[in-house]
Amino acid sequence: MRAEKFRRVEAALAEIRPYLARDGGDCRLVDVQGNKVFIALTGACIGCQLASVTVGGIQMKLMARLGVPVRVVPVKAEG
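First, a word on scope: everything that follows refers to the structure included in this document.

Here is what the cut-offs are and how they apply
- Residues numbered from 1 in each chain as written.
- Predicted model: local features only at pLDDT ≥ 70, side-chain atom pairs only at ≥ 80, totals over all residues.
- Heavy atoms only, no water.
- Helix = DSSP H or I, 4+ residues; strand = E, 2+ residues; numbered from the N terminus.
- Contact = heavy atoms within 4.5 Å.
- Polar contact = N/O pair within 3.5 Å; in protein donor to acceptor, adjacent residues only side chain to side chain.
- Pairing = 2+ DSSP bridges.
- Axes fitted to C-alpha atoms, helices over the stretch in contact; angles between N-to-C directions.

1. Re the environment of R17
Turning to its location among the elements, R17 is positioned in helix α1 (residues 2-21). Note: C-alpha distance between R17 and K76 (59 residues apart in sequence) is 18 Å. With sequence-adjacent residues up to four places away left out, R17 is seen in contact with E10, D26, C27, R28 and L29. Reaching out from R17, the side chain makes a polar contact with the side chain of E10 at a distance of 2.9 Å.

2. A few points about the sheet that holds strand β3 (residues 71-75)
The strands making up a sheet are joined through hydrogen bonds of the backbone, oriented either antiparallel or parallel. The strand order across the open sheet built from three strands is β1-β2-β3, with neighbouring strands paired in mixed fashion. The open sheet has two free edges, formed respectively by β1 (25-33) and β3, since each of these has just one partner strand. Averaged over all neighbouring strand pairs, the angle between strand axes comes to 35°, with direction disregarded. Across five bridges, strand β2 (residues 36-43) lies against β3 in parallel orientation. Counted as the bridge partner of I39 is P74 from β3. In the packing of α1 onto the sheet, the strands contacted are β1 and β2, and the crossing angle to β1 comes to about 165°.

Here it is in structure tokens:
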């Protein structure tokens, strides 16, 4: 069940990535725990003043795509 949810979230993020890439950014799925989706912003998204807006947009797109409420939680990218 958890692996299926992770796969569905990853597929939804794949649809969002081209929009992030237009501005030189990206995101990486770190984990899914219940209704929380942990992502790491990468590229130009790191330190951007609009990162919180981006996270909110990702959350809205995921909820629309998955059909369930989720909370997107940004975490620091490792490395």
